[in-house]
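# Structural overview for review
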Amino acid sequence: MRCPELSRLAKPLRPISLTFVARAPGSVEVLLTPFPSRNVVDPTHPAFTSQLERRAFPHFRAPTITLKAYPLALLEKYNWSRTSDLEFRDVANGTEPIEPSLPAPVKLPSALDPISNNSRIEMHLSVATSIRNTSKSAVIRTSIARRVKYAIRLIVTRGAYTKLVTVKRVENGEQKTVKEKIVAFNDKEAEVRGCKWLLNGWMYIFHPTIHLYRMPYQDLIPLLRGALKLIYSRGILLERQWAKARQTPAERKAVELRRNMEKRTQRPSPALLNQHEQTPLKHHNTQIPSKSSPTLGPVPVSLIK
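Read on for a plain summary of the structure. (Residues numbered from 1 in each chain as written. Predicted model: local features only at pLDDT ≥ 70, side-chain atom pairs only at ≥ 80, totals over all residues. Heavy atoms only, no water.)

This part is about the overall build of the protein. Counting its secondary structure elements, the protein contains eight helices and nine strands. Across the 305 residues of the protein, 33% fall into the buried class. In the protein, once contacts between residues fewer than 6 apart in sequence are set aside, the share between residues at least 24 apart is 76%. Split by element, the accessible area of the protein, about 21900 Å² in all, is 53% carbon and sulfur. (Helix = DSSP H or I, 4+ residues; strand = E, 2+ residues; numbered from the N terminus. Buried < 20%, exposed > 50% of the residue type's maximum accessible area, 1.4 Å probe, protein only. Contact = heavy atoms within 4.5 Å. Areas by Shrake-Rupley, 256 points an atom, 1.4 Å probe, with all protein chains shown as cover.)

Moving on, we get to unusual backbone geometry. One non-glycine residue, glutamine 51, adopts positive backbone phi at about 55 degrees. Structurally, the position occupied by glutamine 51 is in the loop between α2 (46-49) and β2 (59-61).

It is worth spelling out helix α3 (residues 138-158) at this point. Spanning 21 residues, α3 covers 30 Å between terminal C-alpha atoms, matching the ideal 30 Å at 1.5 Å per step. Residue serine 137 occupies the N-cap position of α3, its side-chain oxygen lying 3.3 Å from the main-chain nitrogen of valine 139. Of the residues trailing α3, glycine 159 is marked for its positive phi of about 65 degrees. (Expected span 1.5 Å × (residues − 1). Polar contact = N/O pair within 3.5 Å; in protein donor to acceptor, adjacent residues only side chain to side chain.)

Buried residues dominate strand β3 (residues 65-71), accounting for six of its seven residues. Two elements, β2 and β3, share three bridges in a ladder whose sense is antiparallel. When the sheet's bridge partners are listed, arginine 61 is paired in β3 with threonine 66. Linking β2 to β3, which pair antiparallel, is a turn of three residues. Note that β3 and strand β9 (residues 202-208) share seven bridges and pair antiparallel. Following the sheet pairing, isoleucine 65 is matched in β9 by proline 208. (Pairing = 2+ DSSP bridges.)

Within strand β6 (residues 120-127), six of the eight residues are buried, leaving the element largely enclosed by the surrounding structure. As paired strands, strand β1 (residues 17-21) and β6 are joined by five bridges and run parallel to one another. Among the inter-strand pairings, threonine 19 is bridged to a residue of β6, identified as glutamate 122. Of the strand pairs in this sheet, β6 and β9 are connected by four bridges, and their pairing is parallel. When the bridges of β9 are listed, serine 126 appears paired with isoleucine 205.

Before going further, it helps to examine the packing of aromatic side chains. Under the counting rule described, the total for this entry stands at four aromatic pairs. An aromatic cluster of at least three residues, connected via ring pairs, comprises Phe57, Tyr70, Trp202 and Trp242. Directly above the ring of tyrosine 70 sits arginine 54, whose terminal nitrogen or CZ lies 5.7 Å from the centroid. Residue placement shows arginine 193 over the ring face of tryptophan 197; its charged tip is 4.4 Å from the ring centre. (Phe/Tyr/Trp six-rings, centres within 6.5 Å; stacked < 30°, edge-to-face > 60°. Lys NZ or Arg CZ within 6 Å of the ring centre and 35° of its normal.)

Glancing now at a positive patch on the surface. A contiguous patch of positive charge on the surface is contributed by Lys244, Arg252, Arg258, Arg259 and Lys263. Residue contributions to the positive patch peak at four residues, all from helix α6 (residues 249-264). One can find arginine 258 in helix α6. (Patch = residues over 30% accessible without salt bridge, like charges linked within 9 Å, V, L, I, M, F, W, Y side chains within 5 Å. Salt bridge = Lys/Arg side-chain N within 4 Å of Asp/Glu carboxyl O. Lys, Arg positive; Asp, Glu negative; His and termini not counted. Charge placed at Lys NZ, Arg CZ, Asp CG, Glu CD.)

This brings us to the sheet that holds β2. The strand order across the open sheet built from five strands is β1-β6-β9-β3-β2, with neighbouring strands paired in mixed fashion. One side of each edge strand has no neighbouring strand; the edge strands of this open sheet are β1 and β2. Across this sheet, the average inter-strand angle for adjacent strands is 25 degrees, counted without regard to direction. With respect to the sheet, α3 is in contact with β1, β6 and β9, its orientation differing from that of β1 by roughly 140 degrees. (Axes fitted to C-alpha atoms, helices over the stretch in contact; angles between N-to-C directions.)

Here it is, written out as structure tokens:
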């Protein structure tokens, strides 16, 4: 099925770019095998120290595609012991290989880190197009990976989604009204939720099947939208748990004190303030009775006695 909406796609008011980062701090091959590695990029990360199982990490499974996500800290550290990556120096007995000077370790990003620029988004993506699940043809495997990346870019940068519309078609000489699924775009959603589609500092691994080769974008886009939402919501929960585990007892106590102070100093809601302003206060009736109003007469003499 063709997608004519893509050929008529107008330019957005605020351009948003999505970059698929090819370089990673470690090798992703260890995440494609069922055997975990001990030589990870960050052995102090709570995801490694707590020894979480693979199924505990966010994942999405469908008959046509499988999506998994892991923190960059669980990638396997690159091995620099290869001869092609070594430098040599002259010594008395000949040449001796030495390891190249590696840069100092950089703090890995987290999904809880604030995003400074929402118009430029990065994603670590690996599309594992195996021959068993896709095809022996490298052209078909490359086309599947390209379609997945293009659909993700439409969702993140243009807010792509699908909707049903009523169209008129002529079949067998008769005009019929049918419902058709088309691709629509929401630039406001992309501007607000652009960076909240993807987990910062995580590696996404797609395992597609051959069905994606001919799957129309009207079916691929809602499938990927549901997968990205599920991965993001579960990943944020894990990040919050890890952030709490990294806190020292003093930091936890300071956070609790700050929350208690915020609750005490919390002002009432505007609706409650308006309600108090609109409700008049009840005062005692101090109005002096007029001449026309009924008054008490003189006290009888019998009562005085």
